[in-house]
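Inside the fold
Given next are the chains, with one letter for each unit.
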Amino acid sequence: MSIESLARPEIVAMRPYSSARKEAPAEGILLNANEAPWSLLDGVDGEALLNRYPEPQPQALVERLAELYDVQPDQVLVTRGSDEGIDLLARVFCRAGKDAILQSPPTFGMYRIAAQAQGADVVSIPRSAADGFRMQEQAVLDALQTDHRVKLVFLTSPNNPTGDVVREEFLETLLQRARDRAVVVVDEAYAEFCRQPSAASRIGGYPNLVVLRTLSKAWAAAGLRCGAVLAQPELLALLRRVIAPYPLPSPVTALALRMLQRDVLGRQLQLLQELEANKQVLLETLDGRPFVEELIAGEANFVLIRVDRATDLLAFCASRGLILRGFPGDAQLRQYIRISVGSTQDIGALAGVLDEWENQP
Ligand SMILES: Cc1ncc(COP(=O)(O)O)c(C=O)c1O
């Protein structure tokens, strides 16, 4: 069975848009794309080509990301962050009113948004707070087996906001069961912060496996909006049918390439080490405080705490310029607050505000 049989038939049948830059290389006298003949800015990254449409998939960046994530270049589609990858997947694989995604909340909120925007249903197998928010693996497998509307299964490793990783044995079982049935998406936005090997090593064996990576977190470049969808070329070909013709602005590509040069690698490793050390400081700062009822350390660059009077605490912190993440609209997480691992100064400031909260009359 081919991956096309899981996609929306309209997408499979669609003749893809062919942009000017796709049809002809950017060489020679370029009068084919209604561009201006020169740029108005000097000295900006990527400025040399600002007047020109960028490469739809910049070859140098594709190759560098393939090297970084240890896959083949034809297994990489570069996107505007993982958010775009999630959106493309929902649009390609879910028919409105007919198909569904499967997720295990609490988890990243964009899976639900992408599905709902597409008119697809959301099948949720909730994690239980009483069980440390562990994923209910058997219930996920059962839902996949019994609900034939499920076309995309979203796993997040480490999960946001609970920080736990997907067990490799479970992933293997799920991939086997999902063969010819659904696409399994492993969102590894926080993978660099944990020791678990990437699911990308399994891509060769599973045409229905997608791994999402991003430069937003461990590469300290959320502002770049640069992510990658990793999968077999046949699956990526389907996403290429609906992706915007020029997803990556040339200055973004230039900056991403500069950042992924080997001399920056040392700085990135240092960032990861410092954040790991800071996370210990953050945990020590939170541990033992009387109002912290539960402390979930997880394996990413954030922690989750359950507190008494979460809304009041969030407002108190905000009034002192300290912005934490609450979940007032989420029944599972109403009492929880997520705190990102910041700099040592940030953690010092957090400690000061929490001392003040604790010692209020
Ligand atoms: C699990 C997860 N996936 C994806 C994203 C979005 O990443 P990007 O910035 O690459 O769009 C986030 C952002 O917080 C996230 O937590």
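For the structure itself, consult the block above.
Values in this document were obtained by computation on a predicted structure and should not be read as measured data. (Residues numbered from 1 in each chain as written. Predicted model: local features only at pLDDT ≥ 70, side-chain atom pairs only at ≥ 80, totals over all residues. Heavy atoms only, no water.)

Notes on the site of the ligand
What counts, and what does not: Nearness is judged by heavy atoms alone; a residue qualifies as near a molecule or strand once a single heavy atom is within 4 Å of it. Nitrogen and oxygen atoms within 3.5 Å of one another constitute a polar contact, given that in protein one can donate a hydrogen and the other can accept it, and given that sequence-neighbouring residues count only through two side-chain atoms. For the accessible areas, the method is Shrake-Rupley and the probe is 1.4 Å, while residue cover comes only from the protein chains on display. By definition, any uninterrupted DSSP run of H or I lasting at least four residues is a helix, any uninterrupted run of E lasting at least two residues is a strand, and each is numbered from the N terminus. Residues are grouped as follows: nonpolar covers Ala, Val, Leu, Ile, Met, Phe, Trp, Tyr, Cys and Pro; charged covers Asp, Glu, Lys and Arg; every other residue, Gly included, is treated as polar.
The local shell around the ligand holds 14 residues, among which Ser82, Asp187, Tyr190, Thr214 and Ser216 are the closest. Asp83 places a main-chain nitrogen or oxygen 3.0 Å from an oxygen atom of the ligand. Between the ligand and Ser216 there is a distance of 2.6 Å, counted from an oxygen atom to a side-chain nitrogen or oxygen. Notes on the ligand: free accessible area 400 Å², of which the protein chains cover 91%. With three residues, helix 4 (residues 81–93) is the single largest residue contributor to the shell around the ligand. In terms of residue class, the shell around the ligand is built from four nonpolar, six polar and four charged.

A short note on the sheet that holds strand 5 (residues 183–187)
Note the following rule: Strands qualify as paired when DSSP identifies two bridges or more between them. In this analysis, axes come from line fits to C-alpha atoms, helices being fitted only over the stretch in contact, and the angle between any two N-to-C directions falls in the range 0 to 180 degrees.
The strand order across the open sheet formed by seven strands is 1-7-6-5-4-2-3, and the pairing between neighbours is mixed. What marks the edges here is a single partner per strand, and that holds for strand 1 (76–79) and strand 3 (121–124). Pairs of neighbouring strands in the sheet enclose a mean axial angle of 25 degrees, with direction left out of account. Here strand 5 runs beside strand 6 (residues 209–214); their pairing, made up of four bridges, is parallel. Each residue of the ladder has a partner; that of Val185, found in strand 6, is Val210.

Section: the pairing of strand 3
Both strand 2 (residues 100–103) and strand 3 contribute to a ladder of four bridges, which runs parallel. Bridge pairing in strand 3 places Leu102 opposite Val123.

A look at the side chain of Arg8
Test applied: Under the scheme applied here, a residue whose accessible area is under 20% of the maximum for its type counts as buried, over 50% as exposed, and between as partly exposed, the area being computed with a 1.4 Å probe on protein chains only. Contact between two residues is taken to exist if any of their heavy atoms lie within 4.5 Å; hydrogens are not considered.
With respect to the helices and strands, Arg8 occurs in the segment before helix 1 (9–13). For Arg8, a relative accessible area of 16% puts it in the buried group. Excluding residues within four positions of it along the chain, Arg8 makes contact with Arg91, Val92, Phe93, Cys94, Arg95 and Gln118.

Comments concerning the sheet that holds strand 9 (residues 302–307)
Strand order across the open sheet formed by four strands is 8-9-11-10, with antiparallel pairing between neighbours. Since the sheet does not close on itself, it has two edges, and those belong to strand 8 (292–296) and strand 10 (325–326), each with one partner. Pairing of strand 9 with strand 11 (residues 336–340) involves five bridges; the strand directions are antiparallel. The residue bridging Val303 from the neighbouring strand is Ile339, located in strand 11. Along the sheet, helix 10 (residues 262–286) makes contact with strand 8, strand 9 and strand 11, crossing strand 9 at roughly 10 degrees. The sheet strands contacting helix 11 (residues 310–319) are strand 9, strand 10 and strand 11, and the helix crosses strand 11 at an angle near 35 degrees.

A word on the side chain of Asn159
In this fold, Asn159 is placed in the loop between strand 4 (150–156) and helix 7 (168–178). In this view, Asn159 contacts Pro106, Thr107, Phe108, Arg127, Asp164 and Phe302; residues no more than four positions away in its chain are not counted.

Some points on the nonpolar core
We count it as follows: By convention a nonpolar core is built from buried Ala, Val, Leu, Ile, Met, Phe, Trp, Tyr and Cys residues, the set being connected through side-chain atoms within 4.5 Å.
Core analysis: the largest hydrophobic core is formed by 48 residues, its most contacted members being Leu65, Val76, Leu102, Leu155, Leu174, Leu215 and Leu230. Ignoring anything within four residues of it in the chain, the contact list for Val76 reads Gln57, Val62, Leu65, Ala66, Val71, Ala228, Val229, Leu230, Leu236 and Arg240.

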